[in-house]
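Observations on chain architecture
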Amino acid sequence: MLDYEISPSDAAALLREKKARFIDVREPWELATAHIEGAVPMPMGDVPSRANQELDPDERLVVFCHAGVRSMNVTMWLRNQGFEEVQSLRGGIDAWSVEVDPAVARY
C-alpha cells in the first residue's frame, strides 16, 4: 500500500506523466488565490457527497490543500472508503509553490 503522504517532487512527476489525478480540497476563495493546473476542485466538505460519484477507487489520486492537514484528513477518509491509491501532498500547495512551481502564489 502507498504511504499516506507524497512529496511535492514525486507528485509533480506523477502529474507530468499523467499518472495521477489531483484533487484540490481547498475552499473556492483559496482556489482564486492559487491553484495547480488540471486539479479537480472538491472542497473538503463536499468530498463525502461527491467522492463515490466522481472518483474511481482504483485511480491514483493526490489530494492537496494549503498546508497538508485537510488533505491528510480527506486521504484517511477516502482510504477508509476503499480508495487505496490516494495520497496527501506533503506540505500542501504551499510546499508545491516552494519546491515545484514558484509561479504558484503563496498565501
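This section reports on the structure supplied with the text. (Residues numbered from 1 in each chain as written. Predicted model: local features only at pLDDT ≥ 70, side-chain atom pairs only at ≥ 80, totals over all residues. Heavy atoms only, no water.)

Along any regular strand the residues' side chains alternate between the sheet's two faces. Examined bridge by bridge, strand 2 (residues 21-24) and strand 4 (residues 61-64) share four bridges and lie parallel to one another. Across the sheet, the residue bridging to arginine 21 is leucine 61, located in strand 4. Relative to strand 3 (residues 40-41), strand 2 is paired through two bridges, and the arrangement is parallel. In the sheet register, isoleucine 23 faces strand 3, and the bridge partner there is valine 40. For the crossover that starts at strand 2, traverses helix 2 (residues 28-33) and ends in the parallel strand 3, the hand is right-handed. (Pairing = 2+ DSSP bridges. Helix = DSSP H or I, 4+ residues; strand = E, 2+ residues; numbered from the N terminus. Right-handed = clockwise from strand over helix to strand, strands pointing away.)

Right, let's talk about helix 3 (residues 47-54) for a bit. When we look at burial in helix 3, the residues that qualify are Val47, Arg50 and Ala51. Seen end-on, helix 3 carries its buried residues on one side only, within an arc spanning 115°. Every exposed residue of helix 3 that faces more than 90 degrees away from the buried side is listed here: Ser49 and Gln53. The elements touched by buried residues of helix 3 are strand 3 and helix 4 (69-80). (Buried < 20%, exposed > 50% of the residue type's maximum accessible area, 1.4 Å probe, protein only. Arc of directions from axis to C-beta. Contact = heavy atoms within 4.5 Å.)

The quantities given are spatial measurements derived from coordinates; they are silent on function.
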